[in-house]
Structures are given as structure tokens and as C-alpha cells.
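Observations on chain architecture
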Amino acid sequence: MSSVSDSSSRLFTVDRVLLALLTVVPVALAMKWVFGLHGTPVFIASAISIIPLAGYMGRSTEDLAEHLGAGWGSFLNATFGNAAELIIAIMALRAGLMDVVKASLTGSIIGNVLLVLGLSILIGGFKYPPIQRFNRTAASLGATMLVLAAIGLVIPAIFHQIVGTDAPGLERGLSLDISIVLMVTYLLGLVFSFKTHSHLYLGTGAAMDRGGQEEAGRRGRGVYRALGLLLLSAATVGVMSELMVGELEEAAHDLGMNQVFVGVILVALVGNAAEHSTAVLMAVKNKMDIAVNIAVGSSIQIAMFVAPLLVFLSYAIGPAPMDLHFTSLEVVAVVLSTGIMALVSVDGESHWMEGVQLLAVYVMLGLAFFFLPV
Amino acid sequence: MSSVSDSSSRLFTVDRVLLALLTVVPVALAMKWVFGLHGTPVFIASAISIIPLAGYMGRSTEDLAEHLGAGWGSFLNATFGNAAELIIAIMALRAGLMDVVKASLTGSIIGNVLLVLGLSILIGGFKYPPIQRFNRTAASLGATMLVLAAIGLVIPAIFHQIVGTDAPGLERGLSLDISIVLMVTYLLGLVFSFKTHSHLYLGTGAAMDRGGQEEAGRRGRGVYRALGLLLLSAATVGVMSELMVGELEEAAHDLGMNQVFVGVILVALVGNAAEHSTAVLMAVKNKMDIAVNIAVGSSIQIAMFVAPLLVFLSYAIGPAPMDLHFTSLEVVAVVLSTGIMALVSVDGESHWMEGVQLLAVYVMLGLAFFFLPV
Amino acid sequence: MSSVSDSSSRLFTVDRVLLALLTVVPVALAMKWVFGLHGTPVFIASAISIIPLAGYMGRSTEDLAEHLGAGWGSFLNATFGNAAELIIAIMALRAGLMDVVKASLTGSIIGNVLLVLGLSILIGGFKYPPIQRFNRTAASLGATMLVLAAIGLVIPAIFHQIVGTDAPGLERGLSLDISIVLMVTYLLGLVFSFKTHSHLYLGTGAAMDRGGQEEAGRRGRGVYRALGLLLLSAATVGVMSELMVGELEEAAHDLGMNQVFVGVILVALVGNAAEHSTAVLMAVKNKMDIAVNIAVGSSIQIAMFVAPLLVFLSYAIGPAPMDLHFTSLEVVAVVLSTGIMALVSVDGESHWMEGVQLLAVYVMLGLAFFFLPV
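Residues numbered from 1 in each chain as written. Chains lettered and ligands numbered in written order. Predicted model: local features only at pLDDT ≥ 70, side-chain atom pairs only at ≥ 80, totals over all residues. Heavy atoms only, no water.

Let's talk about the overall build of chain A
Within chain A one finds 14 helices and two strands. Here chain A, with 374 residues, has 60% of them falling under the buried criterion. Sequence-distant contacts, at least 24 apart, represent 85% of the contacts inside chain A between residues at least 6 apart. Element-wise, carbon and sulfur atoms account for 67% of the exposed surface of chain A, whose accessible area totals about 14,000 Å². (Helix = DSSP H or I, 4+ residues; strand = E, 2+ residues; numbered from the N terminus. Buried < 20%, exposed > 50% of the residue type's maximum accessible area, 1.4 Å probe, protein only. Contact = heavy atoms within 4.5 Å. Areas by Shrake-Rupley, 256 points an atom, 1.4 Å probe, with all protein chains shown as cover.)

Shown next as C-alpha cells:
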């Protein structure tokens, strides 16, 4: 009982924080268009303003999913759960900042796997010693999916090392085909988890539905209200992302940081912050299945759905087609994150030290990106 | 009951397909020596003709093994199970096509681990939802052996990166010594699985023996007949391999494919096709232990017995000694295959999605080899 | 009963061997300062003389730890357990032999994980067929810690590949920060295993204490005697290490070996030989938990405590600051060792073939270091 009221008050706190952050939206717009500011202040203000907007997008997607019922609802969640990330990446793609797109994809993957999962396990582990448990089979499938996605990044990187810079056409062809394989495998994975083996996810699904229904009762939004909120917040995320991306280069230069670090750490954080808080809240409620599911599921969605989709979209909207050739540090970051996550999650048990280990890898990778020459 | 008659009729179908394919042997020979053709048509015909011959070699080896009893029989199977592969590689070695030898070894390893195991798990998973099980300890030992074999390829590749092309003598010395370590470890592994820990393999062995006896009863071949068939099919494989290898360069050029792709995908397939069908048939009968054993055991045999043996033989029959320095894409392919196979098999459970995952990695690796510049 | 008397007699034998080896200390000193010898003979004599000294350092640290009680005693063991290694490395650091320092760290890690654990599993497996068991959770945490340490070596190596040799300042900054992360994580790991989750290690700790008490009763040393012996043996290790390191270059040249091989295999062995024998003895007594704990714990201590400490110390005592950029073969050696150790230990079971597998990897890596051009 106390845990429920406890978590309600926390959720309420989260709600208030999101509302408060929403006031930064007009501030950022005014900075740029009224006061004519540019560079770091506009970049920071627009970045902060995306945090609550991404949060509202996530919530209204969940609300809509609920109204659509288990089948299409789950599908909506599984495909549009990272829509804010996608919009930010599209804006960076249109601006020709391929490096920032790839950096923010990398940052989302390692941020979910190391930072979100690490924090969830650490805080959950302190509250529920000595051991928290979660579904091994689902976690193991998630780990294998992430390894698959990592392989989808390793192959183009090795290929690039072999063919050098002389064969961009071959590289694009390979990337396009690998994107198709990743997306098809992702969709088959949805069939697996929603159709043929949905019982494996019963614990997580049921708990999620119940949580959703409680919140739905409390919030009481209708389907049109949810749709309206989704479209409105998505449009605003689009505007604010364009603002943020437009000031990124100047801000990075001013702050003495390289663009890749800004993409991997800062841009990746703002698109996922609201989601992150949900995973940690679930860990605090001892619902580790949901926390693991959010963190790992979101990484898989970025790597196997958003990244391939961006490759496809780049042919339509980009100044140039995008390939899947990430930098060697990015590839290594994804491979190492995936490896240690597989090792930590494969036994279906967690304790606070595993949280520390995941966070330590995140810090070490963050340092490497930070120290890259500008 | 129905499953037995069902599988008998399938075996019967396999028998008929092999017989039908056997007619391609004279066709290929006639193409070359009667009609004076060369290039792609001769290459394709000789490749197809090896499929049934390799199948008959495998069967007569099994028949012989049965007559020799558990001890020497198992040893025969464990050392000559990939004799067709070995003969093809020897022909390529004699022709000085080291790259094709290495490519076909790589292709056999990843083909068994990804394609055969993937198909077995996929089809078996559809027929026996939701979960199929197999012996964890045996699968785990197999995974560790494969990792060991992968390490045996990684070390010479790293060594080559360090010393460059200036020290071929050092590279050959290292490769020769590593080959000895791999072969000794392989032979000790046979002692483990046939002598000291044979009970771990009881399930697989007993099932295999039973299957073998049924078939033996049905086929009723004597030891001399088996030996004769083995020698005859081996000799014919030799002839057809020489034909195939001789036309490989021209055919690859005509088809617009690079030689490595032809070796990794096409050459590797023809030597293993019959074996592949057996693994899938076992999965369809819910005998996952045998299916996993065939796929993983065959990979281990290629990596830890056939490859070292070819290094030794290259000093006697090759135009030049062969080392274990594979290309970086080949090494990465073996490492990635081994890694995802370990992850999939370590829990002793399988479902159709794991089959999809293994096949997706196979397709992605195949694409990378395909896109390599000619 | 018979096993106790058996092991006592073995311990007695170890004691006598150590005492006998102690006579090499004056021999080595006399060679250098009385007879004016140099190069190989002095190198070998001083190396051999370190074996018993390192053994006495380890024992007196354990004795002291016992007198200090569970808390500080465990901390002492966990931080000074590899003090001999540290002293040798400091001497090499002062002599400016950074390559030898890194090689001996690498050699200690892979020596513990592959040679010591491999021998323990092999010999224990022969004596207690078919399967020996140990605590899965503790082994799994150890494997994850080692993966973390390996990541701490992979990141600077990749970083070096990216920035080249133009940015030694950035590399040193990154190494220093990663060293801090590793050391903090190591200390938190001590809190985990001695404070919050000490029950996980009860089996190993209790067994160790009991073993320690038995020996303490037999040896009956007081705290001052232990402290005196520790200081005396540490000082002598310092003298002998300086002697060994001073002759290393000439000896390596005379023996036709490269310095890295000497560091990875020879120098790493002498600092750990006494410890190694303890782990094997525990395996012979079927105390696999302690054997695994010694081997894995010692590797973790080298990678996450000694290596970072040397980076810090290098700013005070070295001719130049040391970074964590190891050679690619060293990084690969640590990664491969860690990977196969995780695979072998993750199921909490061992048999002799797993010992063979670990030793095979050790031999293959040793060969690669041996064949490196001088």
C-alpha cells in the first residue's frame, strides 16, 4: 500500500517536473526569434525543452496504444516508442549532420543499456537487497537481439576497413541490404513476442497493462485527446529539434566539446530522459521485468527499427544517402555495451554491484568520446 | 507412429533426390571432356554433382563406423565426417587457390553454425512450439570448443596486423604451432566425449545409434559394400572437385562474383548439403540434441581438425605452405557466428525466433562477402 | 582424513621447495656483485629467487590479515595480495621499461585466468570426475569484473588507433580517468563482497578461514613476526626485482627472445608462482570455490587495482607518466582470456576438458608473443 502511494507521489513529482520544463519551450523560441541569441544558450534551452515534449509523446503513444487494444496497441508502442528520437534524427539528417545522427543513435543504445539499466539495477538493488529477479528467457532473447543489431554495425565497419573510401556505392548497397535484414528480423521479433510466445512476456505485459490502466483511470484521457496530444507534442519536438540541431555546431565549439560527444551523450539523453525515469521508477517498485524490458526494448528498437528506417528515409529526405558505417569507437561502444549487458542479464538476477558495473562502462565510454580531438 | 512413417517418407525423398542428382556426374564430365565447355556451366554442374557424392560418403562412413563398433566407429565419424570437404580443399590447395581453401573452410564453419543450426531451430521450432530442449553441458562444451577454434584464427590475424607482410616465416611458424595445439585439443576432446564423459552424450549417442540401426536394418549394407561405396564416392568427389576448382576462377568472373564469396557460400554449401538435410530432419523429429550435435560438431571438426590437417598437408602437396591467416572479414564472420551461437545455445532451449536470428546473421555475413570488390 | 594428511605433506613439500629456492637469493647477489657477472645468468638467478620471496610475502600478508580480523584483514588481502607483482612493476617502471610493465601485467592476468585456473580445473578434474562444482553467482560476478577490466584496456587501445600518436596528452588524460573508474569500481566490489553480499562468498570465505586457522595453528606466528617477515621479504623482492629488471634487456637479447615475451611469460610467472601452487592445491582438495577465487580474484586485482595504481604512481616515480595503452596483442590476449573464462565458469561446473581448453588458449597466446619479432 505504502509503495503504491509512494510511487504515486513520485509519479506526481515527475508530472510536475515535466510541466515545469515545458515552460522552457517558449523561452527557447524567444531566445532565438525575439532576442536574436544563438549558439550555446539556445542549444541548451531547446535541448531541455525536448525532455518534457518527448515525455508527453511517450505517454500519449501509450494512451493511444491502450485504446487500440493489445494487438495494434503493442505494435504502436513497439514502433513509435522512440518517435521523439526519430524526429530529432530526421532533423539532423536534413541538416546533413550524418555524424550527429549516428552519434545520437549510438548514444541512445548505450544510454539505455548502460545508463538506464545500470541506474535501475543500482537503485532497485539498494531498495530490494540482496537479489532482484527478472524473466531469464525474455532477457536472453533481448540480449541476442542486441547482439544481432551490434553485428549489423560491425559488418559495415569491417567492410569499410577492407574496401577503404574508394567504394561508397558498395558500402551503401551493403548498408541498405543489412537495414532490410535488421528491420525484417525486428518485425519477426514482434510476431514472436506478441503472437506466438506472448506468454513469455505475460509478467511484463500484465504488469504494464495494470500500471497503464491505473494511470489511465487517474488521467482519464480520451482517444482523441491522446491523438491530439501526440500530434501536438510531435510537431513541437520537430520545431525544437530543428532549433537544437541548428545551434549544435556552434554550441559544441563554444563548449570545447566535439560534435560526436554532444551527440552520444547530450542529444541522446534529452530524447530518452522521460523514458529513463519510468524504468527507474519500475525498478524502485521491484518490477525489474518492466525496467529491463524498457531499457533493452528501447535499445533494440533504436538499433533494429529507427536506424534502418533512417537509412531508408535518407534516400528521400537527406542531402545524401546514409549508410550504417559508424566510427570504430561507436561500434566498439555498442559491442562492449551489448556484451556486458548480456553477461549481466543472462542469469535473470541483479544486485546493486551489477548496476555499478554497467554505469562504470558508461562512464569509461563517455570519457573516450569526450577526449576525442575536436 | 505417424511421425516415424512421416520421417521415413522424407528420408525416402532425400534418397531419391540424391539418386537423381547423381546423374549430374556424367553430365558434368561430358560437358567438359565431350563438348569442350568450360566456365560457369561446368562449374555449376560439377558443384551440383558433389552434393550427392558427399552424401554417399557421409552415409558409408556412418555404415563403416557402425560395423567397427562404438570406439573406432565414433573415431572414424569424428575424423572422416567431413572427408568430402577435405578432398575439395585439397584440390583447391593443389591448384594454389589458398584464398578459396580458406574461404570454403570459413563457409563450412559459419554455414553449419548459422545456416544449418538456424534452419533446424526454425523448422523444429515451428513444429514443436513453444520451446525445444537439448543437453546444455554438451552444447556448452561445443560452444567453448568453437570459441577456442575462433581464437586459433584471431591470433594469426592479429599477428599479421602487427608484423605486416615482412615476416612470412614467423607467420608460418606460428600457424604450424597453433595448428598442432588445435589438433591436440581436438583429439583430447574426442577422449573426453568418447571415453571419460561419454555419459554426457548418451542421449545423443543412443538416439543416433538407434537411428543408425533402423536405417542399417532398412539398408542392410555389409562392411565391404560400405567400404567400397566410401572409396568410390571419395574418388569421384576428388575428380569432380578438381573439375569444379579448375573452373572456379572463370565462373566467378562470369557471374560477377568474387572468388571469396564463391568459396564461402557456394563451395561450402555443396560439401555439406547432404549433412545439412540430416540435421534439419532430426530437428523435425524433435531430436534437437542430434541436430545441434551435427551442426556444432561439424563446425568444430572443420576448424580444429580439417584446417590444421590442411596446414600440415600444404607442406607436402601445396605449391606453397598454407598458414592460418584468414582475411579480417573471415575472422570476424567466425567470431560473430561463434558468439551468437554460444548465446543461443547456452541455455539448452530453442524456439523459432532463435532460428531467425541465426539465419539473419548468415544473410548479413553473406551480403558482406557478396559486396566485396571482385 | 587421508586427504588432510596428504595435503599437509604436500604443503610441507611446498614449504621445503620455497626454503630451498631461498638459497638462490645470495647466489644471485654474489653473481652480480662478487663475480661481476651480468646478462642471462644473473637474470635467471634473480628471477628464481623472487619465487620464494613472493611466496613469503603472500603468506605473511595472510597471517597479518588473520590478526586484523575479517574486516581489515580481507581488505589487506584484497589490496596487498599482489604486492610482489607491484614491486616488480615499480622497479621496471623506474627503469623506464613501460613495455615490460604492461607485458608483466598482461602476463599476470592471462596467467591467472588461463594457466592457474586451467591447471586447477585439469588436475582437480582428474581427481574428482566427472564434474566439480563452484558458486555460480560469485564466478559470474568475477567474470563480469574481468570483462569490465578488459573494457578498460580496449577503450584506450581503440582511442590510440583513432587519434594516432599525435595526442599523447589526450591519451594520458583518458588513461588517468579510466584508472580512477577502475579503482573506484574495484573498491565498490570489495564493499559488495565483504559488506552487503558477503553471504555469497561464505563458502569460500569460511573454507579459507578454516584453512588459514589450521595453518595458523600449525605455524603459530605472532603479528609482529608476520609484519617483520612481510617487510623483510618485500624489501628483498625490491632488491631482487631491480637486479632482474636491470639484466632483462641483455638476457632477452642473449636468449633470442623479445622483451614482451619475457615480460608476459617469465616475469609474470615468478611473481605468481607461489600463489599458483596454492590454487592448484585447493583444486586437488576439491575446494574449487577457493581455487577459482584465487585465480579470478588475483586477475581482477592486477587489472583493476595494481594497473591503475601504477598509472597513478608513474606520475610520481616514473621517468614519464604511464598510460593504459597496451599493444593490440596484449589487449586481444586479455579479451580472449576473459571471454573463454566467462564461458567456462558461467555454469558453475568444471571438468578436465575445460582445463585443457584454458591451457590451449594460454599456449596459443604464448606462441604469438614468442614469435613477435625481437
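Next comes the rest of the description.
A few points about the interface of chain B and chain A
Contact with chain B, which involves 25 residues of that partner, is made by 33 residues of chain A. Counting each side, the surface lost to burial between chain B and chain A is near 2,700 Å², with a carbon and sulfur contribution of 82%. Linking chain B to chain A there are zero salt bridges. The interface formed by chain B and chain A contains two residue pairs in polar contact (both at pLDDT 80 or more). Looking at the side of chain B that touches chain A, the elements that each hand over two or more residues are α13 (328-345) and α14 (352-371) of chain B. Ranked by residue count, the leading element in the side of chain B that touches chain A is α14 of chain B, at 12 residues. Taken together, the residues of the side of chain B that touches chain A sort by class into 20 nonpolar, three polar and two charged. (Buried area = accessible area lost by both parts, 1.4 Å probe. Salt bridge = Lys/Arg side-chain N within 4 Å of Asp/Glu carboxyl O. Polar contact = N/O pair within 3.5 Å; in protein donor to acceptor, adjacent residues only side chain to side chain. Nonpolar A, V, L, I, M, F, W, Y, C, P; charged D, E, K, R; others polar.)

Describing the interface of chain C and chain A
If you look at the interface, chain C gives 33 residues, while chain A gives 25 residues. Taken together, both faces of the contact between chain C and chain A bury some 2,700 Å²; the carbon and sulfur share is 82%. On the chain C side of the contact with chain A, Thr 144, Ile 151 and Ile 155 of chain C bury the most area, a combined 18% of that side's loss. Our count for the contact surface shared by chain C and chain A stands at zero salt bridges. Across the chain C-chain A interface, the total number found is two residue pairs in polar contact (both at pLDDT 80 or more). Residue assignment for the side of chain C that touches chain A shows that the elements contributing at least two residues are α7 (136-163) and α8 (168-196) of chain C. The biggest single contributor to the side of chain C that touches chain A is α7 of chain C, with 17 residues. In terms of residue class, the side of chain C that touches chain A is built from 21 nonpolar, 10 polar and two charged.

Focus: the packing of helix α6 (residues 98-127) of chain B against α13 of chain B
Between two packed helices, the angle of one axis relative to the other and the distance separating the axes together describe the packing. Residues and elements named next belong to chain B. Direction vectors running N to C along α6 and α13 enclose 20°, while the axes themselves pass 10 Å from each other. The angle between α6 and α13 falls in the class roughly parallel. α6 and α13 meet at a crossing whose hand is left-handed. Contact residues: α6 offers Asp 99, Lys 102, Ala 103, Thr 106, Ile 109, Ile 110, Val 113, Leu 114, Leu 117 and Ile 121, while α13 offers Glu 330, Ala 333, Val 334, Ser 337, Ile 340, Met 341 and Val 344. Among the residues forming the contact of α6 with α13, the class breakdown is 12 nonpolar, two polar and three charged. (Axes fitted to C-alpha atoms, helices over the stretch in contact; angles between N-to-C directions. Parallel < 35°, antiparallel > 145°, perpendicular 65-115°, else oblique. Left-handed = near helix turned anticlockwise from the far one by under 90°.)

Notes on the relation of the copies chain B and chain A
When chain B is brought onto chain A, the operation consists of a screw motion whose angular component is 120° and whose axial shift is 0.0 Å, with 0.0 Å RMSD remaining. What the rotation and shift describe, once combined, is the action of a three-fold rotation axis. (Least-squares fit on C-alpha atoms with pLDDT ≥ 70 in both.)

Here we look at empty space enclosed by the protein
All names here are of chain A. Counting across every chain of the model gives nine cavities of 30 Å³ or more. A volume near 60 Å³ is recorded for the largest cavity. In this structure, the largest cavity is lined by Leu 105, Thr 106, Ile 109, Ala 149, Leu 153, Leu 182, Ala 303, Ala 307 and Phe 326. Those elements that provide at least two residues to the lining of the largest cavity are α6 (98-127), α7 (136-163) and α12 (288-317). A per-element tally of the lining of the largest cavity places α6 first, with three residues. Here the lining of the largest cavity is composed, by residue class, of eight nonpolar, one polar and no charged. (1 Å grid on protein atoms, 1.4 Å probe; cavity = no way out; pocket = protein on both sides within 12 Å on 5 of 7 lines; lining within 4 Å. Points joined across faces, edges and corners; volume = space filled by probe spheres on them.)

With respect to the environment of Leu 122 of chain C
Residue and element names in this part refer to chain C. Residue placement: Leu 122 occurs in helix α6 (residues 98-127). In sequence terms Leu 122 and Gln 357 are 235 residues apart; their C-alpha atoms lie 9.3 Å from each other. With near-sequence residues (within four places) excluded, Leu 122 lies in contact with Trp 352, Gly 355, Val 356 and Leu 359.

Digging into the side chain of Gln 357 of chain C
Mapped onto the elements, Gln 357 of chain C comes out in helix α14 (residues 352-371). Non-local contacts of Gln 357 of chain C, meaning those with residues more than four positions away in its chain, are made with Leu 141, Thr 144, Met 145 and Leu 148 of chain B.

Some words on the nonpolar core
If you look at the biggest cluster of nonpolar residues, it comprises 406 residues, and the most contacted ones within it are Leu 310 of chain A together with Leu 310 of chain C. Every residue in contact with Leu 310 of chain A, bar those within four places of it in the chain, is listed here: Leu 86, Ala 89, Ile 90, Leu 93, Val 101, Leu 105 and Met 322 of chain A. (Core = buried A, V, L, I, M, F, W, Y, C linked by side-chain atoms within 4.5 Å.)

Notes on the pattern of salt bridges
All names here are of chain B. Within the structure shown, the criterion is met by nine salt bridges over all chains. Residue Glu 349 is joined to Arg 133 by a salt bridge in which the shortest nitrogen-to-oxygen separation is 2.6 Å. You can see Glu 349 sitting in strand β2 (residues 349-350) and its partner Arg 133 sitting in strand β1 (residues 132-133), a full 216 residues away along the chain.

Thoughts on helix α5 (residues 83-94) of chain B
Residue and element names in this part refer to chain B. Counted at 1.5 Å a residue, the expected span for α5 with its 12 residues is 16 Å, and the 16 Å between its end C-alpha atoms agrees. Burial analysis of α5 places 10 of its 12 residues in the buried class, which makes it a mostly covered element. Turning to α5, its buried residues number three or more, namely Ala 83, Ala 84, Glu 85, Leu 86, Ile 87, Ile 88, Ala 89, Met 91, Ala 92 and Leu 93. Two residues or fewer after α5 comes Gly 96, characterised by a positive phi angle close to 80°. (Expected span 1.5 Å × (residues − 1).)

A closer look at a nonpolar patch on the surface
Residue and element names in this part refer to chain A. Where nonpolar side chains cluster on the molecular surface, the patch consists of Ile 180, Val 184, Leu 188, Val 191 and Phe 312 and spans about 350 Å² of accessible area. The element best represented in the nonpolar patch is helix α8 (residues 168-196), accounting for four residues. With respect to the helices and strands, the residue Leu 188 is situated in helix α8. (Patch = residues over 30% accessible without salt bridge, like charges linked within 9 Å, V, L, I, M, F, W, Y side chains within 5 Å.)

Things to note about the packing of aromatic side chains
In this structure the tally under the stated criterion is 15 aromatic pairs over all chains. With a centroid separation of 5.6 Å and 40° between ring planes, the pair formed by Tyr 186 of chain B and Phe 305 of chain B is classed as tilted. Remark: Phe 305 of chain B occurs in helix α12 (residues 288-317) and Tyr 186 of chain B occurs in helix α8 (residues 168-196); sequence separation between them is 119 residues. Judged on exposure class, the residue Tyr 186 of chain B and its partner Phe 305 of chain B are both buried. Each ring, one from Phe 192 of chain B and one from Trp 352 of chain C, has its centre 5.8 Å from the other, and the planes form 70°; the classification is edge-to-face. Linking Phe 192 of chain B in helix α8 with Trp 352 of chain C in helix α14, this pair reaches from one chain into another. An aromatic cluster of three or more residues is present, and its members are Phe 126 and Trp 352 of chain A together with Phe 192 of chain C. Lying over the aromatic face of Trp 33 of chain A, Lys 32 of chain A brings its terminal NZ or CZ to 5.6 Å of the ring centre. (Phe/Tyr/Trp six-rings, centres within 6.5 Å; stacked < 30°, edge-to-face > 60°. Lys NZ or Arg CZ within 6 Å of the ring centre and 35° of its normal.)

Looking at the environment of Leu 309 of chain B
All names here are of chain B. Mapped onto the secondary structure, Leu 309 falls in helix α12. Taking the relative accessible area as the measure of exposure, Leu 309 reaches 22% and is therefore partly exposed. In sequence terms Leu 309 and Ile 180 are 129 residues apart; their C-alpha atoms lie 9.0 Å from each other. Leu 309 has contacts with Leu 86 and Met 183, leaving out every residue within four places of it along the chain.

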